[in-house]
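# Coordinate analysis (summary)
Letter by letter, the chains look like this.
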Amino acid sequence: EMNEARRLACEELDAVRLAKFEAIRSNLPLINFNLIPAEKGGRPKKSALTVWVDTIPKVEAALSAGAEWIIYGGEAFASKDISLASFGKALFLVRQSGKKIAFSTPRIIRDVQLAYFKKFFTEVQKLQPDLIYINNNSLFSLAKECQVTIPLWADMSLNIYNYQCLDFWREQ
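Owing to the predicted nature of the structure, the values given are computational and were not obtained by experimental measurement.

In this section: the overall build of the protein chain. Scanning the protein chain from N- to C-terminus turns up six helices and five strands. Its helices and strands in sequence order give the protein chain the pattern α-β-α-β-α-β-α-β-α-β-α, from N to C terminus. Split by element, the accessible area of the protein chain, about 12500 Å² in all, is 57% carbon and sulfur.

Here's what the structure looks like:
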């Protein structure tokens, strides 16, 4: 009987605590996602070996190992900074081997780095990689401001956590 009283008290306490959140849950707008159904039939797309690298020796190693796509840049784990000149060298090596290349941006940048990335987008526009891998919202906006015509790919780090984010990416 004591255990039953405890169980009932816990259930009542849970109901009171969760009631505060019920109003929030029930007031959320319903969203029509208008999802496009997957194409039926046809041949499945072929997988491509894609390697993310941050140095020229790694580009060479990836290409010699059969990589079809190189993602160059982003976070630099082997060196402090990746120079703009090395992006050109990576592009040359990849083009020479007949493969594809994406230039990547870091996930986290500071305000003081925005001037560098404005220059980066100007230089990258001249180089014409196959695409630019965008890893944060500020660089996506900066690329648009710089009128980059190279396709921009959104990285998984651009997660959608709320309706405002979802609306933002729908508008893009």
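Next comes the rest of the write-up.
Another point: the pattern of salt bridges. When the charged atoms of two side chains lie near each other, side chains of opposite charge can form a pair. For the structure on display, the rule yields nine salt bridges. Linked by salt bridges that have partners in common, Glu-4, Arg-7 and Glu-11 make up one network.

On to the side chain of Asn-136. On the secondary structure map, Asn-136 appears in the loop between strand E4 (131–134) and helix H5 (137–145). Judged by relative accessible area, which is 9%, Asn-136 ranks as buried. In this structure the side chain of Asn-136 is engaged in a polar contact, spanning 2.8 Å, whose partner is the side chain of Ser-138. From its side chain, Asn-136 meets the backbone nitrogen of Leu-139 in a polar contact 2.9 Å long.

In this section: the environment of Lys-89. Summarising the element assignment, Lys-89 is placed in helix H3 (residues 84–96). Exposure remark for Lys-89: the relative accessible area of 38% places this residue in the partly exposed category. Residues Lys-89 and Val-59, 30 residues apart in the sequence, show an inter-C-alpha distance of 9.7 Å.

Strand order across the open sheet formed by five strands is E1-E2-E3-E4-E5, with parallel pairing between neighbours. Only two strands of the sheet have a single neighbouring strand rather than two, namely strand E1 (50–53) and strand E5 (152–154). Adjacent strand axes in the sheet meet at a mean angle of 25 degrees when their direction is disregarded. Bridge count between strand E3 (residues 100–104) and E4: three bridges; the pairing is parallel. In the strand pairing of E4, Ala-102 is matched with Leu-131. Contacting E3 and E4, helix H4 (residues 114–127) crosses the sheet at an angle of about 170 degrees to E3.

Cut-offs used in this document
Residues numbered from 1 in each chain as written. Predicted model: local features only at pLDDT ≥ 70, side-chain atom pairs only at ≥ 80, totals over all residues. Heavy atoms only, no water. Helix = DSSP H or I, 4+ residues; strand = E, 2+ residues; numbered from the N terminus. Areas by Shrake-Rupley, 256 points an atom, 1.4 Å probe, with all protein chains shown as cover. Salt bridge = Lys/Arg side-chain N within 4 Å of Asp/Glu carboxyl O. Buried < 20%, exposed > 50% of the residue type's maximum accessible area, 1.4 Å probe, protein only. Polar contact = N/O pair within 3.5 Å; in protein donor to acceptor, adjacent residues only side chain to side chain. Pairing = 2+ DSSP bridges. Axes fitted to C-alpha atoms, helices over the stretch in contact; angles between N-to-C directions. Contact = heavy atoms within 4.5 Å.

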